[in-house]
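Residues per chain, in single letters:
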Amino acid sequence: QVHLVESGGGLVQPGGSLRLSCAVSSSIARFVGMGWYRQAPGKQRELVAFITNSGSTNYVDSVKGRYIISREPFKFTVHLQMNSLKPEDTAVYYCNCRGSRDLSGPLQDYWGQGTQVTVSS
């Protein structure tokens, strides 16, 4: 069983910063990458940021220049540094890991339980 453990959510004022972290409990034999999704009330879940095994990153347009995703070397751990936060960033943020525990197994998406980020004055 693969578990993703998230930390770092909370309440912050507009313009403030938060750092989310996510660690995978098991080794991933075929590792594609890790990322963060978010879901606001009444909205669909959207990809926020993703980092591949090779270190390539991509971001949703609304967070470019404000968020930075990074991965710890040789670990299945990612961080999301969120700066200049806006009220519209308020959502539940979910960590995602894409890969397979077996070299020959199918690729899967593993998910964290979600962490609330609230941006409000």
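Look up: the structure comes first, before these words.
We now examine the packing of aromatic side chains. Enumeration over the complete set of coordinates arrives at 2 aromatic pairs. Judged by centre distance (5.0 Å) and plane angle (70 degrees), the rings of Tyr-37 and Trp-111 are edge-to-face. With a gap of 74 residues between them, Tyr-37 in strand β4 (residues 30-39) and Trp-111 in strand β10 (residues 108-111) connect regions that are remote in the sequence. According to the relative accessible area criterion, Trp-111 is partly exposed, its value standing at 35%. Between Arg-45 and the ring centre of Tyr-94, over which it is positioned, the NZ or CZ distance is 3.8 Å. The ring centre of Trp-111 lies 4.8 Å from the NZ or CZ of Arg-45, which sits over that ring.

What follows deals with the pattern of salt bridges. Overall, the coordinates contain 6 salt bridges when judged by the stated rule. Of the charged contacts, one joins Lys-64 and Asp-61 as a salt bridge, the two residues approaching to 2.9 Å between their closest N and O atoms. Take Asp-61: its relative accessible area is 60%, and that puts it in the exposed class. We note a salt bridge from Glu-72 to Lys-75, for which the minimum N-O separation is 3.5 Å. According to the relative accessible area criterion, Glu-72 is partly exposed, its value standing at 25%. Connected through salt bridges with shared partners, the residues Arg-38, Glu-46, Arg-66 and Asp-89 form a single ionic network.

The subject of this paragraph is the environment of Glu-72. Secondary-structure assignment places Glu-72 in the loop between β7 (67-71) and β8 (77-82). Along the chain, Glu-72 and Ala-23 lie 49 residues apart, while their C-alpha atoms are 9.8 Å from each other. With sequence-adjacent residues up to four places away left out, Glu-72 is seen in contact with Thr-77 and His-79.

Reading guide: rules and limits
Residues numbered from 1 in each chain as written. Predicted model: local features only at pLDDT ≥ 70, side-chain atom pairs only at ≥ 80, totals over all residues. Heavy atoms only, no water. Phe/Tyr/Trp six-rings, centres within 6.5 Å; stacked < 30°, edge-to-face > 60°. Helix = DSSP H or I, 4+ residues; strand = E, 2+ residues; numbered from the N terminus. Buried < 20%, exposed > 50% of the residue type's maximum accessible area, 1.4 Å probe, protein only. Lys NZ or Arg CZ within 6 Å of the ring centre and 35° of its normal. Salt bridge = Lys/Arg side-chain N within 4 Å of Asp/Glu carboxyl O. Contact = heavy atoms within 4.5 Å.

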